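Given next are the chains, with one letter for each unit.
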Amino acid sequence: MYANTLPNGFASDDRWIIVGNTAIQDLRNIPRFFTEDYWHGLSQSNLYRPVSIASFALTYAVGRLHPAAYHGTNALLHALCSVLVLLIARRLRPTGAAAAAAGVVFALHPVHTEA
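Throughout what follows, the structure given in this document is the object of discussion. (Residues numbered from 1 in each chain as written. Predicted model: local features only at pLDDT ≥ 70, side-chain atom pairs only at ≥ 80, totals over all residues. Heavy atoms only, no water.)

## Overview of the environment of H66
Its location among the elements puts H66 in the loop between α3 (50-63) and α4 (67-92). For the pair H66 and G9, spaced 57 residues apart in the sequence, the C-alpha separation amounts to 8.2 Å. (Helix = DSSP H or I, 4+ residues; strand = E, 2+ residues; numbered from the N terminus.)

## Let's talk about α3
Here α3 contains 14 residues, and its C-alpha end-to-end distance of 19 Å stays within 8% of the 20 Å for a straight helix at 1.5 Å per residue. In the core, the buried residues of α3 are packed alongside α1 (14-19), α2 (30-33) and α4. Positioned one or two residues after α3, R64 has a phi angle of 50°, which is positive. (Expected span 1.5 Å × (residues − 1). Contact = heavy atoms within 4.5 Å.)

## Remarks on the packing of aromatic side chains
The geometry of an aromatic ring pair is captured by two quantities: the separation of the ring centres and the angle between the planes. Under the definition given, this model contains 2 aromatic pairs. In textbook terms, an aromatic cluster arises when at least three aromatic residues are bridged by ring pairs, as seen for F10, F56 and Y70. (Phe/Tyr/Trp six-rings, centres within 6.5 Å; stacked < 30°, edge-to-face > 60°.)

## Overview of unusual backbone geometry
At S12, a position not held by glycine, the phi torsion is positive, near 50°. As for its placement among the helices and strands, S12 is situated in the segment before α1. S12 sits in the exposed class, given a relative accessible area of 57%. (Buried < 20%, exposed > 50% of the residue type's maximum accessible area, 1.4 Å probe, protein only.)

## A word on the packing of α3 against α4
Their axes nearest at 9 Å, the elements α3 and α4 cross at an angle of 130°. In terms of orientation, α3 lies oblique with respect to α4. Of the two elements, α3 crosses α4, and the hand of that crossing is right-handed. For the pair α3 and α4, contact is made by F56, T59, Y60 and G63 and by A69, Y70 and T73, respectively. (Axes fitted to C-alpha atoms, helices over the stretch in contact; angles between N-to-C directions. Parallel < 35°, antiparallel > 145°, perpendicular 65-115°, else oblique. Left-handed = near helix turned anticlockwise from the far one by under 90°.)

## A short note on the nonpolar core
I17, I18, I24, F33, I53, F56 and Y70 are the most contacted members of the largest nonpolar core, which totals 15 residues. Counting residues per element, the ones that place at least two in this core are α1, α2 and α3. The contacts of I24, once residues within four sequence positions are left out, are I17, I18, F33, I53, F56, A57, Y60 and Y70. (Core = buried A, V, L, I, M, F, W, Y, C linked by side-chain atoms within 4.5 Å.)

Right, dumping it as structure tokens:
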């Protein structure tokens, strides 16, 4: 799936939002992420993505600034979301084939990648 991202380094805005963002280096800042801009003073964007920043902080606590930790976290979260889509689809349409197709389409659809 997206496991081929594990050996890659940081790219594009990762250098700002992860490497240059000291706010993610302290788990006590997590509540703050739910009340502030995505870029936390690095830039004014009016973006609100508290779960993303909180996941960066949790990943930093485990893997510091090793890119593989962040790529692995993203792959794991994507796999979890794909399983949740499958489970929701099974509740809506209990036939296994339709639910499995929904999970697979969600898991493999290219819209879930970023440039």
